[in-house]
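Here is what each chain is made of, one letter per residue.
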2 protein chains.
Amino acid sequence: MSIITSRERLLQAAVEAFAEKGFTATTTRDIATRAGMSPAAVYVHHDTKESLLFTVSVEGHQAALAVIRTAAAIEGDHVARLRQMVREFSTWHAVNSRVGRIVQYEFDALTPEHRAEIADYRRQIERVMRDVLSAGVADGAFDVVDVPGTARAILSLSIDLVRWFSPRASTSAGDIAQLHAELAVRMTTPRSPS
Amino acid sequence: MSIITSRERLLQAAVEAFAEKGFTATTTRDIATRAGMSPAAVYVHHDTKESLLFTVSVEGHQAALAVIRTAAAIEGDHVARLRQMVREFSTWHAVNSRVGRIVQYEFDALTPEHRAEIADYRRQIERVMRDVLSAGVADGAFDVVDVPGTARAILSLSIDLVRWFSPRASTSAGDIAQLHAELAVRMTTPRSPS
DNA sequence: GTCTATACGTGGATAGAC
DNA sequence: GTCTATCCACGTATAGAC
């Protein structure tokens, strides 16, 4: 059915290698071998090693952005929306922790132009979260003093997953995502006056 | 007063270089130049480049552990204790974001033996947080179902600072730390029945 | 403990045939 | 579009003098 092109094999190989050794320590020879081709063949598809990293970063950020946007678009009140966003965003980072780790930690290895493009994806992700918090503050669903700061903190929970999550650990991605969703709701919903 | 030894100059140079280029991309020549010595002189103090990273990691983790332990030892109730711990731990990670970034992101570049030692520091840090949450649950100050998960999530807020904090950004370390402390309290303290 | 000089392996990228 | 062969720069670590 799905024909795996050389381009896709190359990207998968790059993800594997970058995740195992880091961007700098990965050799183009290693990527080539994993993709089942010669070192020279890599350069037919990508001018530089950095170009491979950039492609992985773009696709990773596009996927994460799509996930949080889809979650933000569900029917229901703002609390349900937030819960869904955090659950889905955390799940994505747990399931794709390898890609997530690469794109987060190798950001500085990109060229300035590519860095700027990726930074823009990140701003878009933050905007989705801020918009939901602001909307909820407006109608009283949320009590949040510092919307940008709280948005960033909530996203931190999900993103930091890539640093420590292991598919072989005892806690499942789903359980962690559920916990994060509940913590995000606690962070944002009004508390009774004491 | 304080005499800066070659050893300390070397460590400072290593931190600078690792922070700028990452561990793998940093050359021993670069470290040597920054420390004002020849490439060969580095090897008088450290057998390998990895040994420099390990030393930075040990000192960084010891400092962070001391900060959270000191905060956990203050007088007051569990809520005040948690607030202090998060505030101090976040402040440390903001102020020392360069070192924090190195020790968090270059963990895999350590030898297996060194990795195990650093992992032990991390377990100690998590234990401090879990112990405070457990004590607060026991006397009703906290309402936390998943103590290990929530402890980890709270620490995530602080640690993820090293990924995005910039001393040149508009929000100060103190403001962020204060926000994190309030969010941690919201995550853990009981909510009125609705 | 610091230097200069260097051995030796490795890596990104290219040349040119098929 | 893929190969083999290779260029050439670079990086870790060491040798040996002072």
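Refer to the structure presented above.
Cut-off values and rules
Residues numbered from 1 in each chain as written. Chains lettered and ligands numbered in written order. Predicted model: local features only at pLDDT ≥ 70, side-chain atom pairs only at ≥ 80, totals over all residues. Heavy atoms only, no water. Contact = heavy atoms within 4.5 Å. Buried area = accessible area lost by both parts, 1.4 Å probe. Salt bridge = Lys/Arg side-chain N within 4 Å of Asp/Glu carboxyl O. Polar contact = N/O pair within 3.5 Å; in protein donor to acceptor, adjacent residues only side chain to side chain. Helix = DSSP H or I, 4+ residues; strand = E, 2+ residues; numbered from the N terminus. Near = heavy atom within 4 Å. Nonpolar A, V, L, I, M, F, W, Y, C, P; charged D, E, K, R; others polar. 1 Å grid on protein atoms, 1.4 Å probe; cavity = no way out; pocket = protein on both sides within 12 Å on 5 of 7 lines; lining within 4 Å. Points joined across faces, edges and corners; volume = space filled by probe spheres on them. Expected span 1.5 Å × (residues − 1). Buried < 20%, exposed > 50% of the residue type's maximum accessible area, 1.4 Å probe, protein only. Least-squares fit on C-alpha atoms with pLDDT ≥ 70 in both. Phe/Tyr/Trp six-rings, centres within 6.5 Å; stacked < 30°, edge-to-face > 60°. Lys NZ or Arg CZ within 6 Å of the ring centre and 35° of its normal.

Enquirer: Talk me through the interface of chain A and chain B; I want residue IDs and the actual numbers.
Expert: Interface size is often expressed as the accessible area that is lost when the parts come together. Residue-level contacts link 28 residues of chain A with 28 residues of chain B. Of the roughly 2700 Å² buried between chain A and chain B, counting both surfaces, carbon and sulfur atoms make up 53%. Across the pair B:R101 and A:D108 runs a salt bridge whose closest N-O atoms are separated by 2.8 Å. Taken together, the links from chain A to chain B amount to 17 residue pairs in polar contact (both at pLDDT 80 or more). Elements supplying a minimum of two residues to the side of chain A that touches chain B: α6 (97–105), α8 (147–159), α9 (161–164) and α10 (173–188) of chain A. No other element matches the 7 residues that α8(A) contributes to the side of chain A that touches chain B.

Enquirer: Account for the protein's contact with DNA strand C, with residues named and values stated.
Expert: Near DNA strand C, the surroundings consist of 15 residues, among which A:T28, A:R29, B:S38, B:A40 and B:V44 are the closest. In DNA strand C, atoms within 4 Å of the protein come 55% from sugar and phosphate. B:S38 places a polar main-chain atom, nitrogen or oxygen, 2.5 Å from a phosphate oxygen of DNA strand C. Within the residue set of the surface near DNA strand C, elements represented by two or more residues are α2 (28–34) and α3 (39–45) of chain A together with α3 (39–45) of chain B. It is α3(B) that contributes the most residues to the surface near DNA strand C, 4 residues altogether. When the residues that make up the surface near DNA strand C are grouped by side-chain class, the tally is 6 nonpolar, 7 polar and 2 charged.

Enquirer: Account for empty space enclosed by the protein, naming residues and giving values.
Expert: As enumerated under the stated definition, the model contains 1 cavity of 30 Å³ or more in all. Of the voids in this model, the largest cavity is the one considered here, and its volume is about 40 Å³. Lining the largest cavity are A:Y105, A:I159, A:D160, A:V162, A:R163, B:Y105, B:I159, B:D160, B:V162 and B:R163. Among the elements of the structure, α9 of chain A together with α9 (161–164) of chain B are those that each provide at least two residues to the lining of the largest cavity. For the lining of the largest cavity, the per-class residue count stands at 6 nonpolar, no polar and 4 charged.

Enquirer: Residue-level account of the layout of surface pockets, with values.
Expert: Here the largest pocket defines a volume of roughly 930 Å³. If you trace the largest pocket, you find 37 residues lining it, with A:F107, B:R101, B:R163, B:W164 and B:F165 closest to the centre. Broken down by secondary-structure element, the contributors of at least two residues to the lining of the largest pocket are α4 (49–72), α5 (78–95), α6, α7 (112–138) and α8 of chain A together with α5 (78–95), α6 (97–105) and α9 of chain B. Among the elements that make up the lining of the largest pocket, the one with the highest residue count is α7(A) (7 residues). Tallied by class, residues from the lining of the largest pocket come to 17 nonpolar, 8 polar and 12 charged.

Enquirer: With reference to specific residues and values, describe α5(B).
Expert: All names here are of chain B. Between the first and last C-alpha of α5 there are 25 Å, a value that for 18 residues agrees with the 26 Å anticipated at 1.5 Å per step. Three or more residues of α5 are buried, namely H78, V79, R81, L82, M85, V86, F89, S90, W92, H93 and A94. Where α5 is buried, its residues touch α4 (49–72), α6, α7 (112–138), α8 (147–159), α9 and α10 (173–188).

Enquirer: Account for the relation of the copies chain A and chain B, with residues named and values stated.
Expert: Screw-axis analysis of chain A against chain B gives a translation of 0.0 Å along the axis, an RMSD of 0.0 Å, and a rotation angle of 180°. This pairing of chains is accounted for by a two-fold axis. Taken as a fraction of all interface residues of chain A, those also at the interface in chain B reach 100%, which identifies the copy contact as same-surface.

Enquirer: Outline the pattern of salt bridges, listing residues and values.
Expert: As enumerated under the stated definition, the model contains 24 salt bridges over all chains in all. With a closest N to O distance of 3.4 Å, A:E59 and A:R7 form a salt bridge. Here A:E59, found in helix α4, pairs with A:R7, found in helix α1 (residues 6–21); they are 52 residues apart in sequence, far enough to count as distant. Taking relative accessible area as the criterion, A:E59 reaches 38% and is therefore assigned partly exposed. Between B:D160 and B:R163 there is a salt bridge; the shortest N-O distance is 2.8 Å. Across this residue pair, the class does not change: B:D160 and B:R163 are buried. Among the charged side chains, a salt-bridge network with shared partners connects A:E16, A:E20, A:K21, A:D30 and A:R34.

Enquirer: Account for the protein's contact with DNA strand D, with residues named and values stated.
Expert: Around DNA strand D, 16 residues are found, and the nearest of them are A:S38, A:A40, A:V44, B:T28 and B:R29. In the interface set of DNA strand D, defined as its atoms within 4 Å of the protein, sugar plus phosphate atoms amount to 53%. B:T28 places a main-chain nitrogen or oxygen 2.6 Å from a phosphate oxygen of DNA strand D. Contact distances for DNA strand D include 2.7 Å between a base oxygen and a side-chain N or O atom of B:R29. At the level of elements, α3 of chain A together with α2 (28–34) and α3 of chain B are the ones that each hand at least two residues to the surface near DNA strand D.

Enquirer: Please give an account of the packing of aromatic side chains that cites residues and values.
Expert: Tallying each qualifying case throughout the model produces 3 aromatic pairs over all chains. Relative to B:Y105, the ring of A:Y105 lies with its centre 3.6 Å away and its plane at 15°, an arrangement referred to as stacked. Within this pair, whereas A:Y105 is found in helix α6, its partner B:Y105 is found in helix α6, the two belonging to separate chains. In this structure, A:R122 packs its charged tip against the face of A:F107, placed 4.3 Å from the ring centre.

Enquirer: Give a detailed account of the environment of B:E20, specifying residues and quantitative values.
Expert: Relative to the helices and strands, B:E20 is located in helix α1 (residues 6–21). C-alpha of B:E20 to C-alpha of B:R98: the two residues are 78 residues apart in sequence and 8.8 Å apart in space.

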